[in-house]
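Given next are the chains, with one letter for each unit.
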Amino acid sequence: MHGKLLPLAGLYLVQGLPYGLQSGLLPVLLRARGLSLTRVGLAKVLYLPWLFKLVWAPLVDTRGSLRAWLMLSTAALGLVCGLLAASPPAEAGPAGLQVRVVGLLLLLNLGAAVQDVALDTLAVQLLEPAELGPGNTVQVVAYKLGAVLAGGGLLALVPTLSWPGLFLLLAATYWLAAALVWAAPALQQPPSSGPSEPALHSLCLLQHLLAMPGTLWTAGFVLTYKLGEQDASSLFPLLLLDHGISTPELGLWNGVGAVLCSIVGSSLGGALLARHRQPVPLLRSVLGFRLGGLACQTTLLFHLDTPGVRLGSSTVLRGAALLSLCVQHFLGGLVTTTTFTLMMHCSRLAPSALQATHYSLLATLELLGKLFLGTLAGALADSLGPHLCFALFLALSGMPILYLSLAPSTLA
């Protein structure tokens, strides 16, 4: 099993680098420069290529080998990083970034999304049912570790690391990963010899995928399970910044400490699933804890806005705020690993020739659910105020708990 998981871990790690750049580094830098929460939230538009994974997922299923798709997409990521190294932003545009840099970051996400389709296909076909828990732990932990390195780690190095040096380092990392794809024996397995599915038009393909056992319910769950949590976790650090926490300290806690807690939560989820815990019952318990944690964070936010209350350098309130940040990331990691295992269980019920497209559909819906309200979270906070906004997040976080009672027998 280790021969499969190690190369998968290396590739998921480099796949997490663009996410770390755009979730851990950019929002804090843009907010520190005085941009409104609405405009900071709009930076999530950079994730747009991930929503179109279904466009190329059928190509990965039917054209070429997984090894070729992985190697070319990973090498292309290195090329885009090289172009970014040669394009240091001289003067920020109205949205906080130059159009040229935004275009290259979109290309970076496009390459990472193509790599993700091929890598998820490999994982679905390579891992045995008993290996799905450890496999999804590797996927989530390695991805988040890449996000830590590119997010909080780079935020701490921003004063000393130049723009060209940063992206040349990332380019070298991607090209090393492309060499790993070429050399790793576990990634050179022949394609499945099972019967292939006939080519389907887009609408027919979507109908065919949704007709697979458990797919409609799983699609509804992945669309809603992060509502509330994702929005609060992206907004709460920016509100702490407004209350006086410095950018380097926030980068350390939110970009490194909180994500490490998320990795610990993901690892715990994999360990529980490896002990033959079923995803749906485990989710019922963890989502309840997550709701309680968000309720505490919301209460803390209300208290922070009380006249005369300040986040001093040594107050208990400051420690409670940073602790709540870490606890929510820990629970979020546990929820994510369990949900991704549930998604793989569902995709394994599809014919092997459609598993990449099926999993890409679920992964696209999962991302859409996180981005839809997450992109608007800043605008909601600017218009409704943080108090009403977090009350809405709390209500949304209770929805997946009720939805789990409708789980089909094929997944429960």
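Since this is a predicted model, take the numbers as computed values, not measurements.

### Brief notes about the nonpolar core
Note that soluble globular proteins tend to have their nonpolar side chains buried in a common cluster.
Here is step 1: Counting 79 residues, the largest nonpolar core has Leu-108, Phe-167 and Phe-221 as its most contacted members.
Here is step 2: By residue number, the principal contributor to this core is helix 6 (residues 99-126), which donates 14 residues.
Here is step 3: Taken together, domain 1 (1-200) and domain 2 (201-411) each give at least three residues to this core, which thus spans both.
Here is step 4: Counting residues in each nonpolar core, the second largest holds 26 residues, with Leu-235, Leu-240, Ala-321 and Cys-389 among its members.

### Here we look at the confidence of the model for the protein chain
In low-pLDDT regions, the fine details of the predicted coordinates are not to be read closely.
Here is step 1: Averaged over every residue, the pLDDT of the protein chain is 79; the share at 70 or more is 83%.
Here is step 2: When pLDDT is averaged over each element of the protein chain, helix 11 (residues 215-224) comes out on top at 93 and helix 8 (residues 152-157) at the bottom at 64.
Here is step 3: Note on residues 190-200: pLDDT is under 50 here. Beyond four places in sequence and across chains, it has 9 contacts.

### Side note on the UniProt feature "transmembrane region" (unreviewed entry) in the protein chain
Here is step 1: This chain's UniProt record puts "transmembrane region" (unreviewed entry) on residues 68-87, 99-119, 140-161, 167-187, 252-274, 316-344, 356-378 and 384-406.
Here is step 2: Secondary structure across residues 68-87 comprises 90% helix and 0% strand; the distance between its end C-alpha atoms is 29 Å.
Here is step 3: Helix makes up 83% of residues 384-406 and strand makes up 0%, while its end C-alpha atoms are separated by 33 Å.

### Regarding the pattern of salt bridges
Oppositely charged side chains may form a pair once their charged atoms are brought near each other.
Here is step 1: For the structure shown, the criterion picks out 3 salt bridges.
Here is step 2: One salt bridge connects Lys-226 with Glu-229, and the closest N-O pair in it is separated by 2.8 Å. For the pair shown, Lys-226 and Glu-229 are each scored as buried.
Here is step 3: Glu-366 serves as the salt-bridge partner of Lys-370, at 3.3 Å between the closest nitrogen and oxygen. Remark: Glu-366 and Lys-370 occur in helix 16 (residues 355-384); sequence separation between them is 4 residues, near one turn of the helix. Per residue, the accessibility class of Lys-370 equals that of Glu-366, and both read buried.
Here is step 4: Among the charged side chains, a salt-bridge network with shared partners connects Lys-226, Glu-229 and Arg-290.

About the thresholds
- Residues numbered from 1 in each chain as written.
- Predicted model: local features only at pLDDT ≥ 70, side-chain atom pairs only at ≥ 80, totals over all residues.
- Heavy atoms only, no water.
- Core = buried A, V, L, I, M, F, W, Y, C linked by side-chain atoms within 4.5 Å.
- Buried < 20%, exposed > 50% of the residue type's maximum accessible area, 1.4 Å probe, protein only.
- Helix = DSSP H or I, 4+ residues; strand = E, 2+ residues; numbered from the N terminus.
- Domains from an automatic or database assignment.
- pLDDT = per-residue confidence, 0-100.
- Contact = heavy atoms within 4.5 Å.
- UniProt positions renumbered as here; feature names shortened; annotations may be inferred.
- Salt bridge = Lys/Arg side-chain N within 4 Å of Asp/Glu carboxyl O.

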